Amino acid sequence: MNAPMNFKTPILAVISVFSIACAHAGTPTPLHDGWRLQSACSVKADGAAISTPGFASNDWLETTVPNTVLAAQVAGKVYPDPYFGMNLRNIPGSNYPIGHNFSNLPMPQDSPYRCGWWYRTEFTAPPATRDQRVWLHFGGINYRGEIWVNGHRIADSTQVAGAYRAYDFDVTDALKPGAKNILAVETFAPTEKDLGINWVDWNPCPPDKDMGLWGEVNLVETGAVTLRSPMAVTHFTDSSLATAELTVYAELHNATSRDIQGAVSATVAGVRIEQPVRLAANEDRTVAFSPEQFPNLRIRNPRPWWPAQMGEPHLEQLNISFADHGVKTDEKSVAFGIREITSELSATGGRLFRINGKPILIRGAGWSQDMLLRTDGHRLRDQIRMVADMHLNTIRLEGKLETEDFFRLTDEQGILVMLGWCCCDHWEHWNEWGPQDLPIATASLRDQLLRLRSHASLLVWLNGSDNAPPPNVERAYLQVESDVHWPNPVLSAASAQNTAGAGPNGVKMTGPYDYVAPSYWYVDQHNGGAFGYNTETSPGPAITSLASRAKFLPDPEAWPPSANWSYHNGGGEFTNLRVLDEAMAAVYAKPSSAADYERTAQTMAYDSERAMFEAYSKNKYVSTGVIQWMLNNAWPSMIWHLYDYYLDTGAGYYAAKKACEPVHIQYSYDDRSIVVVNSTYMPIEGLHASLHVRGMGWKDLYKAEASLNAGADSSQTVFELPESLLTGAEKIFFIELALTDSGGRTVSRNFYWVPYTLTTFDFGRTDYTHTAAQRHEDLTALANLPKAQIKADATLERAGHSRRVSVQLNNPSNTLAFQVSVAPRTADGGLIAPVLWSDNWIELGPGESATLTADLPDGAPDSTVIHVDGWNISPLVLTPVIAAAAHGGE
């Protein structure tokens, strides 16, 4: 850090720094707009001068907060879009080796981000009142900081340290009530020996290492006693769920130098409770209301919160306040769920989670924030909607602890969140920790758990990721978790490393992370196959569409792929797509163009993504969970996503959506069985399953039908293909499955292309990336499918502000139309996203028809067209016909 440091004694003899709650007293005043940003190496003044009214900062960069330094510079057009091509490499400080984890490397000597960077703003403080306290709340400062108000240093970089710390500073005595005040914050980037924010091998790291004010900054007014982090914890007395025992917690702080006698009052799920509290001068205390003390906290016939898959994510309200002689000094209101999450080891050793006593197979994916930590509420809502649309029940956060809006949405939408610390940098380099690291780590843990603990959607906290912490660190973490009354399970790591403190994890992190054939998920018995709980795994690459590539590559149709393409692969072992490319050439065909490559990669992603989720579903509860690595990307990427950075939904998205649908029929690669999976928690009677097997020439080979009832949360075999069917006469089998309900309505439809000889795997050559193929399967005949003709038309129906497009597809030819996809585009081929089709990447047999529907996003132009493509059809471009307006439409 080149900027000079001034470690004067702060003006405030006592600086109160404590963890934040989900809401602040009354309505906090966001200090969002009107900030200026400048490098400390360009400023010839100290914090005392910068934080005074006469200081000239008009030539500093205008910005808003939250914003990292580089995010502010990009927004201010200092640098062009760093996500386009290799622009990121042209930003000063980005000359670290491509593919390396920059968090483990020192900042280059010539980097402008070795300097401190000043953020400065002006604001009006509230008028002074009796016993008023005014606080500056910081939701995230990466990594160190000095905070100045009106020429007075409030805190220095020994007190402000840690990317995941949160702070509330009492600045009452430094403010000018009712007048203009100046806040200046000097921020310093993390070093390679700090507990910073880390992008592992997911994508490059920005050259500023995400330094700056990445969390919200608020001005908060309270009385003499603050109340923070309220939480209501549930325990059901038995499996009937007829009685829920609630325990309420909150954190109190006396901000004065005198004793205060007052009362904490609350209304929780409609129940009124109150207790007197006496606080000594400057005392911090956790206040608790237990059902033993307050019998009315035994709620009869409650409405539980459930993940959306299991029921209604019903939320209750907790309103709680502290009053001093009848005058409220602080109050909070949080939404919470009456729910109880527990976990155990299954009979086969997998970590099994239960929600309100009922088991749940975790099917989720790993989340990433934007690489510059930028936030967008509309984009966030779209992404949570996409998770629900795929029928996933869980999001995993490895680090990247999201905003309050994120957790509010997961609570409301009934999506579980698995969260914990990140791997692969100083967070897990415990043997290199200095004396400051454990205090920062435990303070960070405390801040985050207190911030998050009230949320209904939180499934589990992981104290480590790839590795479990050593005993001294784990003891410190477990003590924090006990002190804050963390209400959910805790695991020591996302891997199979067990510890004395937390016991057996019952999870695995054995890959793969690169392409494997679909049968892998069924036949592997020792690594990533469908047994136990796999906390991160996937078939790897996810090639984006041409329309998406055009948004981040100067050469989106380059063949062979250029260095621009490769820069948007992963890091470490994933800087190239060799495994996918070799499998593609061996199994399907060697591509001759970017279009060939994209089409085949999409089909490979569909086939293996679907098989991964289906294998785990078939084997529940021998398998107890699977987390696709990943859900999304921090920047435009060619690997690890179910939808891309621009929210375009490729084949992998629809594979996951198909595999995880609530009631589902599927094929098993290991034993040729046809399985019906009921992922709902209600029994379903009167189902009818059908199986139709054909050869390459669409010749009938085998048919079967059966009636069945599906038990709640069940997996059952309905058919098994006779071994005699799979002879060498046919090289590829087309397997069509259908499931209808008692009214004859289609509940599930599925289609497979299965080779006569499956891939055999060289398990002895397994590494953490994947298991290599000893002999690849042969699907090359698919490249020579006879041409099919597709007739298609599209209609657009307006209802209010929504626009629903329907695409009717018909195959009048006598051959299969394979992997038919539809996509909305602008008239010149530009991307329109997100668009969530009812189905996509489908097959149409001779004479078959299908209708695919989706709602267009708000920004889609009236000139939107629909592209129809497939393996063996001529591409079509449809102009939707405007249908008559729906009743009540505009």
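In what follows, the structure referred to is the one given above.
Heads up: these notes are all about the structure in this document. It should be emphasised that the depicted structure is a prediction, and the values quoted were computed from it without experimental measurement. (Residues numbered from 1 in each chain as written. Predicted model: local features only at pLDDT ≥ 70, side-chain atom pairs only at ≥ 80, totals over all residues. Heavy atoms only, no water.)

1. Considering the pattern of salt bridges
Here is the rule we go by: Whenever a carboxyl oxygen of Asp or Glu lies within 4 Å of a side-chain nitrogen of Lys or Arg, that contact is scored as a salt bridge. Helix numbering and strand numbering both begin at the N terminus, where a helix is a DSSP run of H or I of at least 4 residues and a strand a DSSP run of E of at least 2. Only protein chains enter the accessibility calculation, which uses a 1.4 Å probe. A residue is then buried if its area is under 20% of the maximum for its type, exposed if over 50%, and partly exposed in between.
Scanning all chains against the criterion turns up 45 salt bridges. For E536, the salt bridge goes to R396, with nearest N and O atoms at 2.6 Å. Of this pair, E536 sits in strand β30 (residues 532-537) while R396 is found in strand β26 (residues 394-398), placing the two residues 140 residues apart along the sequence. The exposure class assigned to E536 is buried, which follows from its relative accessible area of 5%. We classify R396 as buried; its relative accessible area is 1%. Note that K620 is salt-bridged to D713, the shortest N-O span being 2.7 Å. Linking K620 in the loop between α11 (594-618) and β31 (623-628) with D713 in the loop between β35 (700-710) and β36 (714-720), this pair joins segments that are 93 residues apart in sequence.

2. Details of the packing of α11 against helix α12 (residues 651-659)
What counts here: Only the stretch in contact is used when fitting a helix axis, every axis being a line fitted to C-alpha atoms; angles between N-to-C directions are given from 0 to 180 degrees. Roughly parallel here means an angle under 35 degrees, roughly antiparallel means over 145, roughly perpendicular means 65 to 115, and every remaining angle is called oblique. If you view the pair so one helix is near and one far, a crossing is left-handed when the near helix is turned anticlockwise from the far one by less than a right angle, and right-handed when it is turned clockwise. The contact rule is simple, with two residues in contact once any of their heavy atoms fall within 4.5 Å.
Between α11 and α12, whose axes approach to 8 Å, the crossing angle comes to 25°. As judged from the angle between their axes, α11 and α12 are roughly parallel. For the element pair α11 and α12, the recorded crossing hand is right-handed. Of the residues in α12, those touching α11 at Q602, A605, Y606, E609, R610, F613 and E614 are A651, G652, Y654, A655, A656, K658 and A659.

3. Some points on unusual backbone geometry
Between G511 and the following residue, P512, the backbone shows a cis peptide bond with an omega angle of 0°. Of note, the amide linkage connecting W559 to P560 takes the cis form, showing an omega dihedral of -5°. Of note in the backbone geometry, K209 takes a positive phi value of approximately 55° without being a glycine. Here K209 shows up in the loop between β11 (180-188) and β12 (212-213). Of note in this structure, L241 is not a glycine but carries a positive phi near 60°. Looking at the secondary structure, you find L241 in the loop between β14 (225-236) and β15 (243-254). You can call L241 buried: its relative accessible area is 13%.

4. Thoughts on the sheet that holds strand β17 (residues 271-279)
What counts, and what does not: At least two bridges found by DSSP between two strands is the condition for calling them paired.
A sheet is described by the order of its strands in space; here four strands give the open sequence β17-β16-β20-β21, paired in antiparallel fashion. Two strands bound the open sheet, and with one partner strand each, they are β17 and β21 (327-336). For this sheet, the mean angle separating the axes of adjacent strands, direction not counted, is 15°. Judged from the nine bridges that link them, strand β16 (residues 260-268) and β17 form a sheet pairing that is antiparallel.

5. Structural notes on the side chain of Q73
With respect to the helices and strands, Q73 occurs in helix α2 (residues 69-75). By relative accessible area, Q73 is classed as buried at 6%. For Q73, the residues in contact, after removing those within four places along its chain, are L61, V78, Y79, Y113 and W117.

6. Details of the nonpolar core
Rules: Buried residues of nine kinds, namely Ala, Val, Leu, Ile, Met, Phe, Trp, Tyr and Cys, make up a nonpolar core once their side-chain atoms join them within 4.5 Å.
Counting residues in hydrophobic clusters, the biggest one holds 259 residues, and the most contacted among them are F138 and L183. Tallying contributions element by element places α11 first for this core, with 10 residues. Apart from the residues within four sequence positions on either side, L183 is in contact with L31, W35, Y119, R120, T121, F123, L136, F138, I147, W148, V149 and V217. Membership of the second largest hydrophobic core comes to eight residues, among which are V43, W118, W148 and A184.

7. Structural notes on empty space enclosed by the protein
Let me state the cut-off plainly: Here a cavity denotes grid points, spaced 1 Å and computed from the protein atoms alone, that fit a 1.4 Å probe unable to get out, and a pocket denotes an open set having protein on both sides within 12 Å along at least 5 of 7 lines; residues with an atom within 4 Å of a point are the lining. Grid points are joined across faces, edges and corners, and a volume is the space filled by probe spheres set on the points.
For the structure on display, the rule yields six cavities of 30 Å³ or more. If you add up the space inside the largest cavity, you get close to 190 Å³. Lining of the largest cavity is provided by 23 residues; of these, A542, I543, Q602, A605 and H641 occupy positions nearest its centre. Looking at the lining of the largest cavity, the elements that each hand over two or more residues are α11 and α12. The element best represented in the lining of the largest cavity is α11, accounting for five residues.

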